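Observations on chain architecture
Below are the chains, spelled out letter by letter.
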Amino acid sequence: MRVSGKLVKKMVEHAREKAEEEVCGIILGKNNRALMIMRATNTSENPEYTYSMSVRDIIRAYDTAQELAYVIIGFYHSHPCGSPVPSGIDIARATWDGAYYVILNLEGDIKAWNWQGDKKKFSEEKLIIE
Ligand SMILES: [Zn+2]
């Protein structure tokens, strides 16, 4: 997966704005390349250790993708006090087969994972920051 340094900076800034909670968003792009991020509301009742993305925000991202001829290539969320590795909850809740799940922390560590629905596991993806 390819992403610009500018988009990485935007995601880290988002994470740092809510340092006590997980933040989340949707990644739009084309062919494995992230071109835009859209913030989403974390509707989880326990945002300090998990996230749940607002359905309204996913629909909004879908509409925007259609307008720009992009697709939703994945999602990002933060781990305010942990490594950017999928948690047990992330694994239990992953649904979008083939999507990139980008995880980052407040130190700016960032990793991309690919959800393989048939194997019920995340595999780490090479993240190329351009
Ligand atoms: Zn997580």
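These lines cover the structure that appears in this document, whether it is placed above or below. Everything numeric in this text was worked out from a predicted model, so none of it was measured.

Here we come to the overall build of the chain. A count of helices and strands for the chain gives three helices and eight strands. For the chain, the N- to C-terminal ordering of α and β elements is β-α-β-β-α-β-α-β-β-β-β. Across its three principal axes, the chain shows a C-alpha extent of roughly 35 × 35 × 30 Å. Looking at the chain as a whole, 28% of its 130 residues are labelled buried.

Counted residue by residue, strand E2 (residues 24-30) has six buried out of seven residues, so it is predominantly covered. Bridging between E2 and strand E3 (residues 33-40) involves seven bridges; their strand directions are antiparallel. Looking at E3, one finds that isoleucine 27 is bridged to isoleucine 37. In this antiparallel pair of consecutive strands, E2 and E3, the connection spans two residues, and asparagine 31 shows a positive phi of 40°. The sheet contact formed by E2 and strand E4 (residues 71-78) spans six bridges and is antiparallel. Following the sheet pairing, glycine 25 is matched in E4 by tyrosine 76.

Each regular strand shows side chains that alternate between the opposite faces of the sheet. Pairing of strand E6 (residues 110-116) with strand E7 (residues 121-125), which is carried by five bridges, proceeds in the antiparallel orientation. Within E7, the position partnered with alanine 112 by the bridge is glutamate 125. What sits between E6 and E7 in their antiparallel hairpin is a turn of four residues, with lysine 120 showing a positive phi close to 55°.

Here the focus is the nonpolar core. As a rule of thumb, nonpolar side chains are buried together in soluble globular proteins. Counting residues in hydrophobic clusters, the biggest one holds 27 residues, and the most contacted among them are Met11, Ile26, Ile27, Tyr76, Tyr101 and Val102. If you list the elements that add at least two residues to this core, you get helix H1 (5-17), E2, E3, helix H2 (55-68), E4, strand E5 (100-104) and E6. For this core, the element with the highest residue contribution is E5, accounting for five residues. Ignoring anything within four residues of it in the chain, the contact list for isoleucine 27 reads Ala34, Ile37, Ile73, Gly74, Phe75, Tyr76, Tyr100 and Val102.

Among the structural elements, isoleucine 72 can be located in strand E4. If we skip the residues at most four places from it in the chain, isoleucine 72 touches Ile26, Leu28, Ala61, Tyr62 and Ala65.

For alanine 69, which is not a glycine, the phi torsion comes out positive at approximately 60°. By the element assignment, alanine 69 lies in the loop between H2 and E4. Accessibility expressed as a C-beta count within 10 Å gives 7 for alanine 69, which makes it exposed. The backbone of lysine 120 shows a phi angle near 55°, a positive value even though the residue is not glycine. Locating lysine 120 in the fold gives a position in the loop between E6 and E7.

Conventions and cut-offs
- Residues numbered from 1 in each chain as written.
- Predicted model: local features only at pLDDT ≥ 70, side-chain atom pairs only at ≥ 80, totals over all residues.
- Helix = DSSP H or I, 4+ residues; strand = E, 2+ residues; numbered from the N terminus.
- Buried ≥ 20, exposed ≤ 12 C-beta atoms within 10 Å, placed from the backbone.
- Pairing = 2+ DSSP bridges.
- Core = buried A, V, L, I, M, F, W, Y, C linked by C-beta atoms within 7 Å.
- Contact = placed C-beta atoms within 7 Å.

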